[in-house]
Amino acid sequence: MWCSGTNSNEIMWRTFAEGARHSLRGVAEVSDRHRVWGESPYSRFLYSPDDVRTRVQYVKDNPAKEGLAPQEWDFVKKYART
């Protein structure tokens, strides 16, 4: 999968995305023409607890931006590191 001029983050993303795409299509009836992932990832490096809190809030605010109800999941735990 190595390509000249391709950085390791891009290789890692494409490897992950292809594996996830294959797994998702195994459990859902999704056409091969339907894109599962965007063309490139949104990547953000988090260096401090404040960075994590900022990104968590960003994700939590996204449903409201689309006029949707807030989303809560039992498996997601509050990030409490200070």
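All of these numbers come straight from a predicted model, not from anything done at the bench. (Residues numbered from 1 in each chain as written. Predicted model: local features only at pLDDT ≥ 70, side-chain atom pairs only at ≥ 80, totals over all residues. Heavy atoms only, no water.)

1. Considering the overall build of the protein chain
A count of helical and extended segments in the protein chain gives two helices and zero strands. When contacts within the protein chain are restricted to residue pairs at least 6 apart in sequence, those whose partners lie at least 24 apart make up 36%. (Helix = DSSP H or I, 4+ residues; strand = E, 2+ residues; numbered from the N terminus. Contact = heavy atoms within 4.5 Å.)

2. A few points about helix H2 (residues 49-65)
Under the 1.5 Å per step criterion, the end-to-end length of H2 is 24 Å for 17 residues, consistent within 8% with the ideal 24 Å. Looking at the residues trailing H2, positive phi occurs at Gly 67, about 75 degrees. (Expected span 1.5 Å × (residues − 1).)

3. Some details on the pattern of salt bridges
Using the criterion set out here, one finds one salt bridge in the structure. Between Arg 53 and Asp 50 there is a salt bridge; the shortest N-O distance is 2.8 Å. Residue Arg 53 and its partner Asp 50 are located together in helix H2, separated by three residues, close to a single helical turn. Looking at Arg 53, the relative accessible area reads 34%, which means it is partly exposed. Residue Asp 50 is classed as partly exposed on the basis of its relative accessible area of 48%. (Salt bridge = Lys/Arg side-chain N within 4 Å of Asp/Glu carboxyl O. Buried < 20%, exposed > 50% of the residue type's maximum accessible area, 1.4 Å probe, protein only.)

4. Topic: the layout of surface pockets
Approximately 470 Å³ is the volume found for the largest pocket. Lining the largest pocket we find 15 residues, and of these Val 56, Lys 60, Glu 72, Val 76 and Lys 77 sit closest to its centre. Residues of the lining of the largest pocket, tallied by class, amount to seven nonpolar, three polar and five charged. (1 Å grid on protein atoms, 1.4 Å probe; cavity = no way out; pocket = protein on both sides within 12 Å on 5 of 7 lines; lining within 4 Å. Points joined across faces, edges and corners; volume = space filled by probe spheres on them. Nonpolar A, V, L, I, M, F, W, Y, C, P; charged D, E, K, R; others polar.)

5. Some remarks on helix H1 (residues 8-27)
With 20 residues, H1 ought to run about 28 Å at 1.5 Å a step, and its terminal C-alpha atoms sit 29 Å apart, in line with that. All of the buried residues in H1 are Ile 11, Trp 13, Ala 17 and Ala 20.

6. A few points about the packing of aromatic side chains
Overall, the coordinates contain zero aromatic pairs when judged by the stated rule. Seen from the ring of Tyr 58, Arg 55 lies directly overhead, with NZ or CZ sitting 5.0 Å from the centre. (Phe/Tyr/Trp six-rings, centres within 6.5 Å; stacked < 30°, edge-to-face > 60°. Lys NZ or Arg CZ within 6 Å of the ring centre and 35° of its normal.)

7. Side note on a nonpolar patch on the surface
Nonpolar side chains collect at one region of the surface, where Trp 73, Phe 75 and Val 76 lie side by side and expose about 360 Å² of accessible area between them. When you line up the elements, Trp 73 lands in the segment after H2. (Patch = residues over 30% accessible without salt bridge, like charges linked within 9 Å, V, L, I, M, F, W, Y side chains within 5 Å. Areas by Shrake-Rupley, 256 points an atom, 1.4 Å probe, with all protein chains shown as cover.)

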